[in-house]
Amino acid sequence: TYIIWFILLVLFIIYTGIRLGFNDIFTPKLIYNGSKVVEVNYLLYLIKDMLLASLPMISFLSILFMLSTVTLNTQITVGVSTILSIISPIIWFVTYSTKFYFVKYIPFFYFDLGFILNKNKEYSIFLRNTDIDVGLGIIVSLSCILVCYVISNIVYSKRDIKN
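From a predicted model like this one, the values you see are computed outputs, not experimental measurements.

**A short note on the overall build of the protein chain**
Within the protein chain, the secondary structure is distributed over seven helices and two strands. The linear arrangement of helices and strands in the protein chain, starting from the amino end, is α-α-β-β-α-α-α-α-α. Counting over 163 residues, the protein chain shows a buried share of 29%. For the protein chain, restricting intrachain contacts to residue pairs at least 6 apart in sequence, the fraction spanning at least 24 positions comes to 60%. Working note: accessible area of the protein chain is about 11100 Å², and carbon and sulfur atoms make up 69% of it.

**Overview of the packing of helix 3 (residues 42-71) against helix 7 (residues 134-158)**
The N-to-C vectors of helix 3 and helix 7 enclose an angle of 20°; their axes lie 8 Å apart at closest approach. In terms of orientation, helix 3 and helix 7 fall into the roughly parallel class. Crossing of helix 3 against helix 7: the hand is left-handed. Only Ile138, Ser141, Leu142, Cys144, Ile145, Cys148, Ile151, Ser152, Val155 and Tyr156 of helix 7 make contact with helix 3, whose side of the interface consists of Leu52, Leu55, Pro56, Ile58, Ser59, Ser62, Ile63, Phe65, Met66, Thr69 and Val70. The residue inventory of the contact of helix 3 with helix 7, partitioned by class, reads 16 nonpolar, five polar and no charged.

**Looking at unusual backbone geometry**
Phi is positive for Leu72, close to 55°, though the residue is something other than glycine. Topologically, Leu72 is positioned in the loop between helix 3 and helix 4 (74-98). Since its relative accessible area comes to 61%, Leu72 is described here as exposed.

Criteria and thresholds
Residues numbered from 1 in each chain as written. Predicted model: local features only at pLDDT ≥ 70, side-chain atom pairs only at ≥ 80, totals over all residues. Heavy atoms only, no water. Helix = DSSP H or I, 4+ residues; strand = E, 2+ residues; numbered from the N terminus. Buried < 20%, exposed > 50% of the residue type's maximum accessible area, 1.4 Å probe, protein only. Contact = heavy atoms within 4.5 Å. Areas by Shrake-Rupley, 256 points an atom, 1.4 Å probe, with all protein chains shown as cover. Axes fitted to C-alpha atoms, helices over the stretch in contact; angles between N-to-C directions. Parallel < 35°, antiparallel > 145°, perpendicular 65-115°, else oblique. Left-handed = near helix turned anticlockwise from the far one by under 90°. Nonpolar A, V, L, I, M, F, W, Y, C, P; charged D, E, K, R; others polar.

The following block contains the structure:
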């Protein structure tokens, strides 16, 4: 899934370059970094943000992979994935209005990390009202991926696999 997503990103960049010209892709981007303005390569900046924004989604997929490995039941995996897909946007609204700070330690909260990285107006206002950190979101997502992979690997290796 991730490889297909990355190939589609590359095809989108090529299509956009053909349609609108490749000049903007290779034009440096100015970003504010701490107390100074830094010039960065736009294409590398885009790829870095896309990879970081995809980490929460990969953590979601790793949870689903773990569930399918542990339960061996497609209905449970589909049900849980549907529930998690519905709950994750609701978490934003609940946290924005009631400030449940424990939510920042679960990966579902960071599904919209791409909007945070691009400094979308609504998310910027939200981030000012809470103490959510992009670095923490990356750490939470990576730890979820690691834990789910270890659990899946342990469960799969303990099963008796017959030919």
